[in-house]
Amino acid sequence: MDAPLVEFRDVTKGFGDRIVLNGINLKIYENQITTIIGKSGSGKSVLLKHIIGLLKPDDGVILFQGKPVLAMKKSEWNEYRSQVSYLFQDNALFDSMSVFENIALPLRQTTNLKKKEIESRVLQRIEDLELSEAADKYPSELSGGMQKRVALARALVTNPKIVLFDEPTTGQDPIRKNVILSMIAHYRRKFGFTAVLISHDIPDVYFISDRIILLWEGKVGFEGSYDELAVLKHPLVDEFLRSLEGFRDELTGLLSKEVFRSRYASTLGARTVPSVSAALFSVEFDRLNEALGPQAAVAVVSALGDYTNRYFSGLGGFSARQSRDQILTIFPHTTAEEARKMIDEFGKKLEEEAIAGIQDLPGIKAGVNHCFEVYVRAGITEVSPGDEIKEIIDKAASRQDIVATHRCEFGGTA
Amino acid sequence: MEERSIGHKNPLALFFNLVGRKTVRIVADLGAILIFFAIAFVKIFQRKQIREIIQQVFYIGAKSSGIVTLVALFTGMVLGLQLFYTLIKFGSEGVLGSAIALSLVRELGPVLTAIMITARAGSAMAAEIGILRISEQIDALYTMRIDPMRFVVSPKIVASIISFPLLTAFFDLVGILGGYLTGVVLLGVNGGAYLYRVQSSLVMSDVRGGFIKALVFGAIVSTICCYQGYFCHIRNGHHGAKAVSVATTSAVVMSCVMVLIADYVVTSFIM
């Protein structure tokens, strides 16, 4: 691999007694999109602010093209800073300035360019980012997506080598999140900058990232490509995914694990429930990922989750994703035998209604040279009072059988 | 540890502890404000400042002239009334012009102008910079290699130093006119005598004293207001909009108090 553009060596940063970065070592490569993920408060923004010099490390070295940034001469430091732009989470546009003035600000204040040259560069960026109609408007008159484009235009007007994006999709709806991420990928290709992103939008952000860096308790828990992350069986990855959950899993529409856990506890606590069963569904995410790529693999998980949710909610069951490719469903008032019958029926319906449509999901490219198989497995177990969810998963996992299959032959379904 | 617990139980020790801590904090704050002023002052002379300074002079100076006119007019009129009825008891209503002119030029002009601009422009400075801070626009400037002290703070301080003396002079003139309205037009003092007394009683040292005070007040008010806004994010226990509101209140209160303290100090030097 090429030499890194930016490198952190044993970087430590603390605020008072709290150590936020604890001996961080990582590399950012030129012309790539590197995404930094991690729990809130894990030091992602702190790390990004070190790259642009808003914060300085207590210990360790940050290198730019092999040169320690803190040891740079003033002229070198200025040259380095001129190559880095920062896109703030809330855009940080100046409300009292028009879109044009906002974009022109860094050129007017930091260069000796003539008025005409500045105007031409700003207008070029305005055109590139399709903001012509908004040039004379103020930021408060624009939609969130347009404001993001203005901030991006301002960040790109100085032709930077590195653009740092601090949670660019936070607070946006799922569709807009994808639009913003696509926009970043598109403009990165167009202008050829190196992008460093902080994002919680798993799995959306994986679609555009070349490399993922997972920060965990002040250290780098993982550093590599998404493909490497996808095949990594590590409790850290699962634990991190759990920490991102809200009431519902955005990808599948299933309950979040936290809500699932409390519902499970109240189900077992009710004396009127004589028998409870559980089923663990899985789709071999790693194999799908290998065969079809992460986008398609996630699309399959999303489709399965969505169908499972709709099917079993109507029958009184409740489900949650337990890892990337495992869905656990609890059936109150149901014996294991009854659950088996329900799942046999579910398997048939799944093949007819959901799996058959997998080929049409985004990211799946089936064809003569690109066939694939999808196996949905299920394991059923009875739940006894006092059973932990982990125990149920282990018991059910040991009893898994194929309940639904999808095979394509020359682009068709067999 | 033992000493500390004894100290905490002893009311006298508690009192001195409190006073000591407050004093240290005030001195540290004043030191920080002084350093802040020095840094901002140095950056006045950097490039690309003229346009920003002119804009700020317009906002702090020209746009404050309305409120200054109003306050000056009524201050002069009230002074005219009060002094007329006091002086008439001694048969000295002829010196009304002197009394009004000296009160305004030496004392009331600089102080009331400073307080009025603090209320109007000082609070706006603190709030504006505070909002820039909490919305990360100050950080954004830094990331664009624009020095926030040069771009945001320095023009406001230099514009205040320019505007305060001009507005003070304007206040003095309008105040003297207000005194004329009540003294001459309403209460029948001789107009020629009023203006003669104004002219004959004012000497250059009075005008110079008022001018120095206005310069000092301009520097104090703008520095305190900018400082409070700039560092609103590091106030203990206050975040976001609350931090801005607390910073704005502190800026106005602290500016007014410091103007009065500075007024005494400067007066004692020039008298």
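Data block above holds the structure.
Residues numbered from 1 in each chain as written. Chains lettered and ligands numbered in written order. Predicted model: local features only at pLDDT ≥ 70, side-chain atom pairs only at ≥ 80, totals over all residues. Heavy atoms only, no water.

## Some thoughts on the overall build of chain B
When helices and strands are tallied, chain B shows 10 helices and 0 strands. Here chain B holds 271 residues, and the buried ones make up 44% of them. Restricting to contacts in chain B with at least 6 residues of sequence separation, those with at least 24 account for 83%. Accessible surface, chain B: about 13700 Å² in total, of which carbon and sulfur atoms supply 71%. (Helix = DSSP H or I, 4+ residues; strand = E, 2+ residues; numbered from the N terminus. Buried < 20%, exposed > 50% of the residue type's maximum accessible area, 1.4 Å probe, protein only. Contact = heavy atoms within 4.5 Å. Areas by Shrake-Rupley, 256 points an atom, 1.4 Å probe, with all protein chains shown as cover.)

## Concerning the sheet that holds strand E5 (residues 67–68) of chain A
All names here are of chain A. One open sheet holds the 4 strands; their spatial order is E2-E1-E4-E5, and the pairing between them is antiparallel. Only two strands of the sheet have a single neighbouring strand rather than two, namely strand E2 (18–28) and E5. The sheet contact formed by strand E1 (residues 6–15) and strand E4 (residues 59–64) spans 5 bridges and is antiparallel. Residue pairing across strands places Phe8 opposite Ile62, the latter belonging to E4. (Pairing = 2+ DSSP bridges.)

## A short note on the side chain of Thr334 of chain A
All names here are of chain A. Inspection of the secondary structure puts Thr334 in the loop between strand E13 (326–332) and helix H12 (336–354). The class of Thr334 is buried, set by a relative accessible area of 9%. Residue contacts for Thr334: discarding those within four places in its chain leaves Ser275, Val276, Ser277, Ala339 and Met342.

## Description of the nonpolar core
If you look at the biggest cluster of nonpolar residues, it comprises 91 residues, and the most contacted ones within it are Phe8, Leu47 and Leu164 of chain A together with Val153 of chain B. Aside from chain neighbours lying at most four places away, what touches Val153 of chain B is Phe36, Ala40, Ile129, Pro148, Cys226 and Tyr230 of chain B. Listed in part, the 36 residues of the second largest apolar core include Ile126, Leu129, Val150 and Phe193 of chain A. (Core = buried A, V, L, I, M, F, W, Y, C linked by side-chain atoms within 4.5 Å.)

## Quick notes on the pattern of salt bridges
Enumeration over the complete set of coordinates arrives at 17 salt bridges over all chains. If you follow the salt bridges from partner to partner, you end up with Glu107, Lys213 and Asp263 of chain B in one network. (Salt bridge = Lys/Arg side-chain N within 4 Å of Asp/Glu carboxyl O.)

## Brief notes about the interface of chain A and chain B
Contact residues are listed per partner, giving 24 residues for chain A and 16 residues for chain B. A per-residue breakdown of the area chain A buries against chain B is headed by Arg81, Phe94 and Gln109 of chain A, which together make up 31% of the total. In this structure, the connection of chain A to chain B is made through 1 salt bridge. One salt bridge in this structure joins Lys49 of chain A and Glu136 of chain B, with 3.9 Å as the shortest N-O distance. (Buried area = accessible area lost by both parts, 1.4 Å probe.)

## Considerations on the sheet that holds strand E8 (residues 194–198) of chain A
Residue and element names in this part refer to chain A. One open sheet holds the 6 strands; their spatial order is E6-E7-E8-E3-E9-E10, and the pairing between them is mixed. If you trace the sheet from one side to the other, it starts and ends with strand E6 (84–87) and strand E10 (219–224), each paired once. The average undirected angle you get between the axes of adjacent strands in this sheet is 15°. As defined by bridge partners, strand E9 (residues 211–216) adjoins E10 across 5 bridges and the pair is classed as antiparallel. Following the sheet pairing, Trp216 is matched in E10 by Lys219. (Axes fitted to C-alpha atoms, helices over the stretch in contact; angles between N-to-C directions.)

## Structural notes on helix H5 (residues 96–134) of chain B
In the structure, H5 of chain B departs most strongly from a straight axis at Leu104 of chain B, where the bend amounts to approximately 55°. At the exit of H5 of chain B stands Glu136 of chain B, carrying a positive phi of roughly 65°. (Bend = angle between axes of the 7 residues up to and from the residue.)

## Focus on unusual backbone geometry
Residue and element names in this part refer to chain A. Positive phi is not limited to glycine here, since Asn159 has a value of about 50°. As for its placement among the helices and strands, Asn159 is situated in the loop between helix H5 (144–156) and strand E7 (162–165). The backbone of Glu167 sits at a positive phi, close to 45°, despite the residue not being glycine. Here Glu167 lies in the loop between E7 and helix H6 (174–191).

These values are about where atoms sit, not about what they do.
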